[in-house]
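# Tertiary structure, described
Next come the chains, spelled out residue by residue.
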Amino acid sequence: MDGATGVNLHGGGNAPGYTPIADDSGAVIEARPEYYGLLLFSLAGTGSLLETQLSAGSVDVTAYALKTPSGGLNIVVVNKDTLQNLTLTIQANQPVNTASMQTMTGPSLAALSGVTIQGATMNKDGTFAPASPGTLTPAVGQTTCFVPALSAALISIT
């Protein structure tokens, strides 16, 4: 993303197409799935993007990782597979003192509603109250987690 100056998101209104925030004459109706994807990535925070290697067999999955300014590691795993769940062991290449996971779920890849992060939806007034992240068990330099089909996860390691 070096040299990027912005991101364009098309949409708006309350049509059935993709828009991050559906509105009616400027009044928010709801946050849509695209919004939740952007929100999950924003929860990963800032830092240095890292080269990420992922071995997942035939599971349709992508991973992105960043090193936080405080030395933590935040990883976003997107399981786009419609049938296969993923048990993932993360080799952190650093000590793992604590590890947690937040999960984004939805009914399908083409969903226009029904997406949540940690069981929560964004309220029309912009408030958002997800459940606390789940705790993962750290081991020497690694942790393991379960990422269901049709979901994404934010794994945070300190």
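Everything quoted here is computed from the prediction, not taken from an experiment.

This part is about the overall build of the chain. The secondary structure content of the chain amounts to one helix and twelve strands. A compact globule built from 158 residues should have a C-alpha radius of gyration of about 15 Å, and the chain, at 17 Å, falls within 12% of that. Of all 158 residues assigned to the chain, the portion counted as buried reaches 36%. Taking contacts inside the chain between residues at least 6 apart in sequence as the whole, the part at least 24 apart equals 55%. For the chain, the accessible area works out to roughly 9000 Å², and carbon and sulfur atoms hold 55% of it. For the chain, the distance from the average position of its 4 positive side-chain charges to the average position of its 9 negative side-chain charges is 4 Å.

Before going further, it helps to examine the pattern of salt bridges. Per the counting criterion, the structure on display carries two salt bridges. A salt bridge links Arg 32 to Glu 30; the nearest nitrogen and oxygen atoms lie 2.8 Å apart. By relative accessible area, Arg 32 is classed as buried at 6%. Residue classification places Glu 30 among the partly exposed residues on the basis of a relative accessible area of 28%. Among the ionic pairs, Lys 80 bridges to Asp 60, the shortest N-O distance being 3.8 Å. Of this pair, Lys 80 sits in the loop between β5 (73-79) and β6 (86-91) while Asp 60 sits in the loop between β3 (48-50) and β4 (61-67), placing them 20 residues apart in sequence.

The final tally for this structure, using the stated rule, is two aromatic pairs. With 6.0 Å between their ring centres and 85 degrees between their planes, Tyr 35 and Tyr 36 make a pair best called edge-to-face. Judged by relative accessible area, which is 22%, Tyr 35 ranks as partly exposed. By relative accessible area, which is 3% here, Tyr 36 ends up buried. Between Phe 41 and Tyr 64, the ring centres sit 5.5 Å apart and the planes meet at 65 degrees, which makes this aromatic pair edge-to-face. In this pair, Phe 41 sits in helix α1 (residues 33-43) while Tyr 64 sits in strand β4, placing the two residues 23 residues apart along the sequence. Residue classification places Phe 41 among the partly exposed positions, given a relative accessible area of 39%.

Note on placement: Gly 3 falls in the segment before β1 (21-24). For Gly 3 and Ala 31, which are 28 residues apart along the polypeptide, the C-alpha to C-alpha distance reads 29 Å.

By the secondary structure assignment, Val 140 is in the loop between β10 (138-139) and β11 (142-147). The spatial distance from the C-alpha of Val 140 to the C-alpha of Asn 97 is 8.8 Å, given a sequence separation of 43 residues.

With that out of the way, let us pick up the pairing of strand β7 (residues 99-105). Put simply, side chains in a regular strand alternate between the two faces of the sheet. Along β7, five of the seven residues are buried, which leaves the element largely enclosed by surrounding structure. Note: β7 against strand β9 (residues 134-136), three bridges, orientation antiparallel. Paired with Ser 100 across the strands is Thr 135, a residue of β9. Pairing of β7 with strand β8 (residues 116-117), which is carried by two bridges, proceeds in the antiparallel orientation. Across the sheet, residue Met 104 finds its bridge partner in β8, namely Ile 117.

Reading the values: rules and limits
- Residues numbered from 1 in each chain as written.
- Predicted model: local features only at pLDDT ≥ 70, side-chain atom pairs only at ≥ 80, totals over all residues.
- Heavy atoms only, no water.
- Helix = DSSP H or I, 4+ residues; strand = E, 2+ residues; numbered from the N terminus.
- Rg over C-alpha atoms; globule rule 2.2 N^0.38 Å.
- Buried < 20%, exposed > 50% of the residue type's maximum accessible area, 1.4 Å probe, protein only.
- Contact = heavy atoms within 4.5 Å.
- Areas by Shrake-Rupley, 256 points an atom, 1.4 Å probe, with all protein chains shown as cover.
- Lys, Arg positive; Asp, Glu negative; His and termini not counted.
- Charge placed at Lys NZ, Arg CZ, Asp CG, Glu CD.
- Salt bridge = Lys/Arg side-chain N within 4 Å of Asp/Glu carboxyl O.
- Phe/Tyr/Trp six-rings, centres within 6.5 Å; stacked < 30°, edge-to-face > 60°.
- Pairing = 2+ DSSP bridges.

Structural measurements only, silent on function.
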